[in-house]
Amino acid sequence: MTCLLILFVFFPGWAFAQPSLLVMAEELPPFNFRDNDQVVGLSTEIVRHILKQSGVTLKEDIHIYPWARAYRRVKSIPGTALFSMARTEAREELFRWVGPLHNVTIGVVAKKKNHISVDSVDDLEGYRIGTVRDGAPEQLLIGRGVPQEGLERLTGPEQNIKKLEAGRIDVFVFNVQTTHYLMLQLGINPDDYETVFVLKYAELYLALHKNTDRNLVQSLQNCLNQMKSPGADGLTLYDRIVGKYLFRLDNF
């Protein structure tokens, strides 16, 4: 049964309401990013598909915003959604969730030649730590006792990767898949770097404003579940999309 047919059968009044959303993303390749003024990526393709299959119209095309700005908007403005967001305990009650879209490793990345050894968050004391403002990695650090004033907080990952390469920070705390991807894009050799500590294995989701209609959330989740169901050939639409980007998702 298709997502739209499920809506008409079980929620006929809601289905005719033609819901619309303002959908946002950050620059987080290979999951969501700009390419020739188009928002593309692994998560983007999945989100566009489930929105279409659920009969959701976009108020505008998907917007790319700095993470902190998009995060504030989806927390405070009804009718908004944001991806790809790591689902964490601290965020659980702030949003409604559809996913997972994919998995990531949130880790501490450093140059191999610096021989940095980290067995716990306490071992980061004294190091210059780069983070993305209000991102899940930064929130995890602060939640484990790292003072915010001790972090070098920027609006996006690229600046921190450049600072790491130039030796202006000692470690960058972020998801290692995107870090690897961006290093390749910036002409930096990822083999010169390593993940010296893993903070969390996280799942990425589409996060919707906490007042979003539960029927809409369930419809989107049903559509995602269908994407992950094998067809007659044993393959899933989800796997086909992930396969297009898989070569970019190697961990350090």
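Let me begin by describing the structure that accompanies this report. Here the structure is a predicted model, which means the values were calculated and not measured.

All right, on to the overall build of the protein then. Scanning the protein from N- to C-terminus turns up nine helices and eleven strands. Since a compact globule built from 252 residues should have a radius of gyration of about 18 Å, the 19 Å found for the protein is in line with a globular shape. Its C-alpha atoms put the protein at 60 × 40 × 35 Å along the principal axes. Per-residue burial for the protein yields a buried fraction of 51% across its 252 residues. Sequence separation of at least 24 residues holds for 74% of the intrachain contacts in the protein that already meet a minimum separation of 6. Of the roughly 11900 Å² of accessible surface on the protein, a fraction of 48% belongs to carbon and sulfur atoms. Mean positive and mean negative side-chain charge positions of the protein (28 and 29 charges, respectively) differ by 6 Å.

With that out of the way, let us pick up the packing of aromatic side chains. Within the structure shown, the criterion is met by six aromatic pairs. With a centroid separation of 5.8 Å and an interplanar angle of 85 degrees, the aromatic rings of Trp-97 and Tyr-205 are classed as edge-to-face. Of the two residues, Trp-97 is situated in strand β7 (residues 95-111) and Tyr-205 in strand β11 (residues 193-209); the sequence distance between them amounts to 108 residues. Judged by its relative accessible area of 8%, Trp-97 falls in the buried class. Aromatic rings pair up to connect Trp-67, Tyr-71, Phe-95, Trp-97 and Tyr-205 into one cluster. Taking the ring centre of Tyr-205 as reference, the NZ or CZ of Arg-87 above it sits at 4.9 Å. Seen from the ring of Tyr-238, Lys-228 lies directly overhead, with NZ or CZ sitting 4.9 Å from the centre.

Okay, helix α6 (residues 157-166) next. Turning to α6, its buried residues are Pro-157, Asn-160, Ile-161, Lys-163 and Leu-164. Along the long axis of α6, the arc covered by the buried residues comes to 160 degrees, so they all point the same way. Among the residues trailing α6, Gly-167 stands out with phi positive, at a value near 80 degrees.

About the criteria used
Residues numbered from 1 in each chain as written. Predicted model: local features only at pLDDT ≥ 70, side-chain atom pairs only at ≥ 80, totals over all residues. Heavy atoms only, no water. Helix = DSSP H or I, 4+ residues; strand = E, 2+ residues; numbered from the N terminus. Rg over C-alpha atoms; globule rule 2.2 N^0.38 Å. Buried < 20%, exposed > 50% of the residue type's maximum accessible area, 1.4 Å probe, protein only. Contact = heavy atoms within 4.5 Å. Areas by Shrake-Rupley, 256 points an atom, 1.4 Å probe, with all protein chains shown as cover. Lys, Arg positive; Asp, Glu negative; His and termini not counted. Charge placed at Lys NZ, Arg CZ, Asp CG, Glu CD. Phe/Tyr/Trp six-rings, centres within 6.5 Å; stacked < 30°, edge-to-face > 60°. Lys NZ or Arg CZ within 6 Å of the ring centre and 35° of its normal. Arc of directions from axis to C-beta.

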